[in-house]
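# Coordinates in review
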Amino acid sequence: MLFAIQVYGGLMMKVAAQNFTAPIPLPSSIQNLPNKSQVEISKICQLVMEQLAYLLPSVVVWTLYHNIDTGKRESVAYPVPITASRQPMTISYLQQEKWLLNDLSFLQVTQLNLVNEYKVYICCIGEQKAIAAEYILICTEAALTDRQQQQFCNQAQILSQYLIMYRERSEHLAQINTLSQACGKIEHQLRNPLALINLYAENLRLALPDNSLQEQAALIRKTVDELSNKLTDLLYFGQRAKLHIQLQNLQTIIAECIKTLEPGLKEKNITVLYPEKPVNINVDCWQIKQVFDNLLSNAIYFSPRNGTVTCNWHIYAQEILIEICDRGSGISETDLKLIFKPYYSRRVGGTGLGLAIAQKIIHDHKGNLWAENLPEGGAQFSFTLPR
């Protein structure tokens, strides 16, 4: 199977491209969009409509989609200026949808014989039957050639993939919000014991005459402070993080993570490989270290004994792509769909929060995190960070 890579809203999107011609280059207005968390879906629809109007001899182009944020079915149109020879009444009739079919074929261009003045083509972009028809419609004066219909289908597939990711992200944010509310309810049950431990540790430090014992009491206090900070991050998980952005070396962050995970590496005799060339990027060091801690810890857990975990990165003009690969048994299709859901875990004794928190951190950095299986075996977690 071939794949086409499209840069869309700061996100490298890999879509199946079998039975498709070479992907059509997107205009710079699409390639330079900010991260999808900052872009309204209507803007993406508008840009795709503009692209179709540019590629095809259109009278009018529009799309209908289900907006999860508003709970309504909304339309985005890109009209070509109507001349005296064109029929506004015909366009009005098409917009009423009295002709709409319930059995539109997903991602297949269909010509509809609805009006005499124009040729009408439609392509369904939503495969969820529970949602009212989502489609792109093109009205033209001349019949589309096979190549033009293929171009239409290419753009429809791009928008369909974006709608899928838009829904998944909305679902994740809703789950994160639920998690945040649940954590808030138990905050006092955790804060009070931590405060007491901190207080008793300080009293012990002041009372103990031996320097080594004082150091141990001070270490208890430091550990409690770290736990309190992590608790704060968890409690405000559903809110936008206050990032402390500074220039950091990814090599240094990974080296620190490996040192922390050294007991697990020695137990299974696993080697972690990463690039020798340093790369600097503006991130919140502590939060990105959490991401690497979680992803590397999972890779070690699911790797066979005497295995290798590989971390690599690719530098692009606007972003850096980081990949962490293991040589384990891979991820099932079910797990791939649920792996970032809070409380869902494949690890024995796992909390199911690690990957959800990692994804939240990457989103806060205006990047993206996803998982996939490798053809040669094992799993790969990839995430992007803007440069």
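Figured I'd write up the structure that's included with this text.

The rules behind each value
- Residues numbered from 1 in each chain as written.
- Predicted model: local features only at pLDDT ≥ 70, side-chain atom pairs only at ≥ 80, totals over all residues.
- Heavy atoms only, no water.
- Helix = DSSP H or I, 4+ residues; strand = E, 2+ residues; numbered from the N terminus.
- Buried < 20%, exposed > 50% of the residue type's maximum accessible area, 1.4 Å probe, protein only.
- Areas by Shrake-Rupley, 256 points an atom, 1.4 Å probe, with all protein chains shown as cover.
- Pairing = 2+ DSSP bridges.
- Axes fitted to C-alpha atoms, helices over the stretch in contact; angles between N-to-C directions.
- Contact = heavy atoms within 4.5 Å.
- Left-handed = near helix turned anticlockwise from the far one by under 90°.
- Nonpolar A, V, L, I, M, F, W, Y, C, P; charged D, E, K, R; others polar.
- Expected span 1.5 Å × (residues − 1).
- Polar contact = N/O pair within 3.5 Å; in protein donor to acceptor, adjacent residues only side chain to side chain.
- Phe/Tyr/Trp six-rings, centres within 6.5 Å; stacked < 30°, edge-to-face > 60°.

### As for the overall build of the protein chain
The helix and strand inventory of the protein chain stands at 11 helices and 14 strands. By the burial criterion, 45% of the 387 residues in the protein chain qualify as buried. With the model as given, the accessible surface of the protein chain reaches about 20500 Å², and the carbon-plus-sulfur share is 52%.

### Overview of the sheet that holds strand E9 (residues 271-273)
Reading across from one edge, E9-E11-E12-E14-E13 is the order of the 5 strands in this open sheet, with mixed pairing throughout. With one partner strand each, in any of the chains shown, E9 and strand E13 (368-373) form the two edges of the open sheet. Each adjacent strand pair in this sheet contributes to an overall mean axis angle of 15 degrees, direction not counted. Strand direction decides the pairing type here: E13 and strand E14 (residues 379-386), joined by 6 bridges, are antiparallel. The partner of glutamate 372 across the bridge, within E14, is glutamine 380. The strands that helix H7 (residues 250-260) touches are E9, strand E11 (308-315) and strand E12 (319-325); relative to E11, the one it contacts most, it runs at about 165 degrees. Sheet strands in contact with helix H11 (residues 354-364) are E13 and E14, and its direction is about 135 degrees off that of E13.

### A short note on the packing of helix H9 (residues 285-302) against H11
Relative orientation of the contacting elements H9 and H11 amounts to 140 degrees, with a least axis distance of 9 Å. Seen along the crossing, H9 lies across H11 with a hand that is left-handed. Counting all contacts with H9, which are made through Gln287, Ile288, Gln290, Val291, Asn294, Leu295 and Asn298, the residues of H11 involved are Gly354, Leu355, Ala358, Ile361 and Ile362. Tallied by class, the residues present in the contact of H9 with H11 amount to 7 nonpolar, 5 polar and no charged.

### Examining H9
Look at H9: 26 Å from first C-alpha to last across 18 residues, which is about the 26 Å you get at 1.5 Å a residue. Taking burial as the measure, the 18 residues of H9 include 13 buried ones, the bulk of the element. Here H9 starts with a cap whose side-chain oxygen sits 3.2 Å from the backbone nitrogen of tryptophan 286, and that cap is aspartate 284.

### A look at the packing of aromatic side chains
Under the criterion given, the structure shown has 3 aromatic pairs. Ring centres of phenylalanine 292 and phenylalanine 383 lie 5.6 Å apart, and the angle between their planes is 70 degrees; on these two criteria the pair is classed as edge-to-face. Taken together, the residues phenylalanine 292 in helix H9 and phenylalanine 383 in strand E14 connect sequence positions 91 residues apart. Across the pair, phenylalanine 383 and phenylalanine 292 agree in class, each one buried. With centroids separated by 4.9 Å and ring planes inclined at 80 degrees, the aromatic side chains of tyrosine 301 and phenylalanine 302 adopt a geometry described as edge-to-face. The exposure class of tyrosine 301 is partly exposed, given its relative accessible area of 32%.

### Here we look at the sheet that holds strand E3 (residues 58-67)
One open sheet holds the 5 strands; their spatial order is E4-E3-E7-E6-E5, and the pairing between them is antiparallel. What marks the edges here is a single partner per strand, and that holds for strand E4 (72-79) and strand E5 (109-112). On average, adjacent strands in this sheet sit at an angle of 20 degrees to one another, irrespective of strand direction. Summarising the sheet, E5 and strand E6 (residues 119-124) pair through 4 bridges and their orientation is antiparallel. By the bridge assignment, glutamine 111 is partnered in E6 with tyrosine 121. Contacting E3, E4 and strand E7 (135-140), helix H2 (residues 41-55) crosses the sheet at an angle of about 155 degrees to E3.

No statement about biological role is implied by the geometric values presented.
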